[in-house]
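# Survey of secondary and tertiary structure
Listed here are the chains, written in short residue letters.
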Amino acid sequence: MISLTEMAREMVISRDNYETRVGIVEDSELVEMYIERSTKSVVGNIYLGKVTDVLPGMQAAFVDIGLEKNAFLYVDDVRDHTGKGLSGRSISSMLSVGKKILVQVAKDPMGTKGARVTMEISIPGRFVVLMPFAHHVGVSKKIEDKRAEELSKFTREHLEDGRGAIVRTAAIDAGEKELLADISFLNRVWRRVLRQVADGIVPEVVYTEIDLAMRMVRDVFNRDFSKLVIDDKDTFEKVVSFLKRSAPELAKKVVWHKEKTISLFDSYDFSVQLKKALAREVDLPSGGQIVIDVTEALVAIDVNTGSFTGRKTLEDTILRTNLEAASEALKQIRLRDLGGIIVIDFIDMEEDIHKRKLEEHIAQLLERDRSKTQLSQITSLGLVQIARKRTTEGLYKVLTDVCPRCSGRGRSLSFETCQIEVERKIREIMASSRHQAFLFAINDETYTSIMDSGVNFALTIRAETGKHIRLVGERNLEPTEVNVLIEGTHPKDSFGKKRLMR
């Protein structure tokens with residue numbers, strides 16, 4: 001298994017008049033993609049809000065922070081003035097309607113849900129994350145004990161008013177000058193936030209997180225990356241300036257893509273990989289495939305052998321397909337930023353050693369994922385459950401809309417069903433009317449289906465009822481919708497030659 005340090009990793013930032021796109025590439029494969037448009041993410045923003053409702057039964061509260069929908073605050077995210085949580089107490093013992101509170105957005109609004117907020121405030125820097133209400137200093141577990149102790153002591157000495165912090169992995173090679181600059185900057189930011197809180201009108205944003213490009217450089221770009229390629233000159237200069245102050249050795253890895261004949265994303269052939277990231281079915285190298293279905297409750301991924309028949313035993317064929325499926329599924333989970341409960345239905349394996357091999361493979365793949373994940377063991381039915389934290393809307397929500405025909409179900413009424421339903425409605429309208437002639441408008445696709453059915457519906461109706469009808473197609477009608485345009489009397493044998501009379 002290739003570690004992150006052995007892997008060829010690159011970051012790509014593209015910005016134009018429409019959007020900012022950031023891609024992370026591992027061994028020439030696009031594994032993460034983030035897009036920010038005019039509807040910028042509010043994750044990380046800090047608001048002075050007002051409690052609008054407290055729900056003891058749900059142990060939650062709604063908070064007005066000035067967005068379209070009220071934010072949701074869960075009991076585990078409530079803190080008192082000392083930074084302590086409720087520890088089993090009811091949420092109504094600390095919050096009441098009308099109370100002003102300081103909250104930070106942890107998850108963007110999604111669909112019908114408002115933003116998820118927390119009272120555990122954090123302001124990230126390049127090397128240190130300021131935790132104003134934590135009152136302790138933690139250090140990344142990836143930093144060894146001796147260095148961790150040095151960083152903890154230095155950070156604690158330079159934080160103001162007993163504030164807390166978390167020292168990030170990026171600080172492992174930082175000098176005291178760089179660390180001090182980062183801590184001083186965070187101290188100034190927090191003083192500014194407190195001034196705005198004192199003077200602010202509820203609801204009001206008192207701290208705004210930096211844009212996507214700078215967030216990714218600050219939080220993700222490190223020495224594991226071979227280079228950072230940027231196609232926008234202003235962004236390039238901004239990033240280089242930031243890195244020269246915070247991580248000079250990384251500034252040398254930033255490259256400006258000046259080429260005008262081919263776009264930055266096309267030079268990496270991202271379009272093909274993004275097309276795959278929006279597909280329901282994704283092919284595997286050996287001929288198998290995975291099928292990804294995103295529902296409100298969970299994400300279901302099914303594994304099929306497809307055209308792959310293998311060269312050895314059936315068990316070897318299944319193992320190879322499952323290993324390939326795990327690699328592709330975990331890649332697609334990261335690329336699409338799928339979250340919540342994810343269930344992968346692998347092909348059943350008889351050998352326990354093969355099951356353990358698959359579990360180990362999945363666990364190694366999850367080490368590359370920056371999001372917090374939790375993996376379950378393979379069940380007797382071949383199911384693997386992964387719980388994954390997600391904070392963005394993901395590529396599905398950003399790049400696509402719900403299908404107006406199927407309303408997101410993935411299936412729509414068949415033409416035969418639409419034809420039957422429309423004909424039934426027409427008969428009901430005619431049966432309840434005393435008029436003898438009708439002009440109906442129906443969906444244009446349903447109209448084509450009826451006309452191509454081989455049965456003259458108008459003549460059939462006339463033979464059965466003695467009444468005359470004419471159909472016209474309209475694009476904007478629902479598949480089974482029927483509109484009566486004209487109804488009245490009809491001169492004998494002149495349908496279509498004279499106007500229908502009222």
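None of these values were measured; they are calculated from a predicted model.

### A word on the overall build of the chain
Scanning the chain from terminus to terminus reveals 13 helices and 24 strands. Principal-axis analysis of the C-alpha atoms gives the chain an extent of 100 × 70 × 55 Å. Taken over 502 residues, the chain has a buried fraction of 43%. Across the chain, every contact between residues at least 6 apart in sequence was considered, and the portion connecting residues at least 24 apart equals 67%. Surface summary for the chain: the accessible area is close to 27,500 Å², and the carbon and sulfur share equals 50%. One way to put it: in the chain the 76 positive side-chain charges average out to a point 4 Å from where the 76 negative ones average out.

### Regarding helix H7 (residues 270–277)
Within the sequence span of H7, burial applies to Phe270, Gln273, Leu274 and Ala277. Here the buried residues of H7 occupy an arc of 100° about the axis, which is enough to place them on one side. As for H7, its buried residues are in contact with strand E1 (9–15), strand E2 (20–26), strand E3 (29–36), helix H6 (264–267), helix H8 (314–336) and helix H10 (394–399).

### Remarks on the sheet that holds strand E10 (residues 128–131)
In space, the four strands of this open sheet follow the order E9-E10-E12-E11, with mixed pairing throughout. With one partner strand each, in any of the chains shown, strand E9 (123–124) and strand E11 (137–139) form the two edges of the open sheet. Strand direction decides the pairing type here: E10 and strand E12 (residues 164–167), joined by four bridges, are antiparallel. Its bridge partner lying in E12, Leu130 is registered against Ala165. Helix H2 (residues 176–199) contacts E9 and E10 of the sheet and is inclined by roughly 30° relative to E10.

### Focus on unusual backbone geometry
Cis geometry is adopted by the peptide bond preceding Pro203, which originates at Val202 and carries an omega value of -10°. In this structure, Pro203 sits in the loop between H2 and strand E13 (204–207). For His135, which is not a glycine, the phi torsion comes out positive at approximately 65°. Tracing the backbone through its elements, the reader meets His135 in the loop between E10 and E11. Taking relative accessible area as the criterion, His135 reaches 44% and is therefore assigned partly exposed. At Asp161, a position not held by glycine, the phi torsion is positive, near 55°. By the secondary structure assignment, Asp161 is in the loop between helix H1 (145–158) and E12. A relative accessible area of 67% means that Asp161 is categorised as exposed.

### Brief notes about the state of the cysteines
Tallying each qualifying case throughout the model produces zero disulfides. The structure places no disulfide on Cys418, whose sulfur is separated from the nearest cysteine sulfur, that of Cys403, by 13 Å.

### Regarding the packing of aromatic side chains
Per the stated rule, a full pass over the model turns up seven aromatic pairs. Ring centres of Phe133 and Trp190 lie 5.6 Å apart, and the angle between their planes is 85°; this geometry places the pair in the edge-to-face category. Highlighted residues: Phe133 in the loop between E10 and E11 and Trp190 in helix H2, separated in sequence by 57 residues. On the basis of relative accessibility, which here comes to 3%, the residue Trp190 falls in the buried class. Residues Phe265 and Phe270 carry aromatic rings whose centres are separated by 4.8 Å and whose planes lie at 85° to one another, so their mutual orientation is edge-to-face. As far as the burial class goes, Phe265 and Phe270 line up, both buried. Put simply, the rings of Phe265, Tyr268 and Phe270 touch in pairs and so form one group of aromatic residues. For the cation-ring pair, Arg9 lies above Phe225, with the distance from its terminal atom to the ring centre recorded as 4.4 Å. Seen from the ring of Phe265, Arg21 lies directly overhead, with NZ or CZ sitting 4.1 Å from the centre.

### Re a positive patch on the surface
Positive charge collects at one region of the surface, where Lys107, Lys113, Lys372, Lys389 and Lys397 lie side by side. You can see Lys113 is positioned in the loop between strand E7 (100–107) and strand E8 (116–118).

### Looking at the sheet that holds strand E22 (residues 437–443)
Strands in a sheet are paired, the pairing made by backbone hydrogen bonds, and the direction either parallel or antiparallel. Read across the open sheet, the three strands follow the order E23-E22-E24; overall the sheet is mixed. Across the chains shown, the open sheet's two edge strands, defined by having one partner strand only, are strand E23 (468–474) and strand E24 (482–488). Across the sheet, the mean angle from the axis of one strand to that of its neighbour is 20°, orientation sign disregarded. Direction of pairing for E22 relative to E23: parallel, over a ladder of seven bridges. Paired with Phe440 across the bridge in E23 is Leu471. Contacts from helix H12 (residues 444–451) reach E22 and E23 within the one sheet, and its direction differs from that of E22 by about 115°.

### Concerning the packing of H7 against H8
Axis separation between H7 and H8 bottoms out at 10 Å; the angle between their running directions is 100°. It follows that H7 is roughly perpendicular to H8 by the angle criterion. Across from Gln273, Lys276 and Ala277 in H7, the residues of H8 making contact are Glu328, Lys331, Gln332, Leu335 and Arg336. Broken down by class, the residue content of the contact of H7 with H8 amounts to two nonpolar, two polar and four charged.

### Focus: a negative patch on the surface
A grouping of Asp348, Glu350, Glu351 and Asp352 is seen on the molecular surface, where their side chains present a negatively charged patch. Relative to the elements of secondary structure, Asp348 occurs in the loop between strand E19 (340–345) and helix H9 (352–366).

### Examining the confidence of the model for the chain
Here the chain averages 88 in pLDDT, while 93% of its residues score no lower than 70. pLDDT under 50 marks residues 493–502. Its contacts with residues more than four places away, or in other chains, come to 24 contacts.

### What about the pattern of salt bridges?
In total, this model carries 29 salt bridges according to the counting rule given. A salt bridge links Asp211 to Arg15; its shortest N-O distance comes to 3.2 Å. Of this pair, Asp211 sits in the loop between E13 and helix H3 (212–219) while Arg15 is found in strand E1, placing the two residues 196 residues apart along the sequence. Here Arg15 falls in the partly exposed class, since its relative accessible area comes to 24%.

Thresholds, definitions, all that
- Residues numbered from 1 in each chain as written.
- Predicted model: local features only at pLDDT ≥ 70, side-chain atom pairs only at ≥ 80, totals over all residues.
- Heavy atoms only, no water.
- Helix = DSSP H or I, 4+ residues; strand = E, 2+ residues; numbered from the N terminus.
- Buried < 20%, exposed > 50% of the residue type's maximum accessible area, 1.4 Å probe, protein only.
- Contact = heavy atoms within 4.5 Å.
- Areas by Shrake-Rupley, 256 points an atom, 1.4 Å probe, with all protein chains shown as cover.
- Lys, Arg positive; Asp, Glu negative; His and termini not counted.
- Charge placed at Lys NZ, Arg CZ, Asp CG, Glu CD.
- Arc of directions from axis to C-beta.
- Pairing = 2+ DSSP bridges.
- Axes fitted to C-alpha atoms, helices over the stretch in contact; angles between N-to-C directions.
- Disulfide = S-S within 2.5 Å.
- Phe/Tyr/Trp six-rings, centres within 6.5 Å; stacked < 30°, edge-to-face > 60°.
- Lys NZ or Arg CZ within 6 Å of the ring centre and 35° of its normal.
- Patch = residues over 30% accessible without salt bridge, like charges linked within 9 Å, V, L, I, M, F, W, Y side chains within 5 Å.
- Salt bridge = Lys/Arg side-chain N within 4 Å of Asp/Glu carboxyl O.
- Parallel < 35°, antiparallel > 145°, perpendicular 65-115°, else oblique.
- Nonpolar A, V, L, I, M, F, W, Y, C, P; charged D, E, K, R; others polar.
- pLDDT = per-residue confidence, 0-100.

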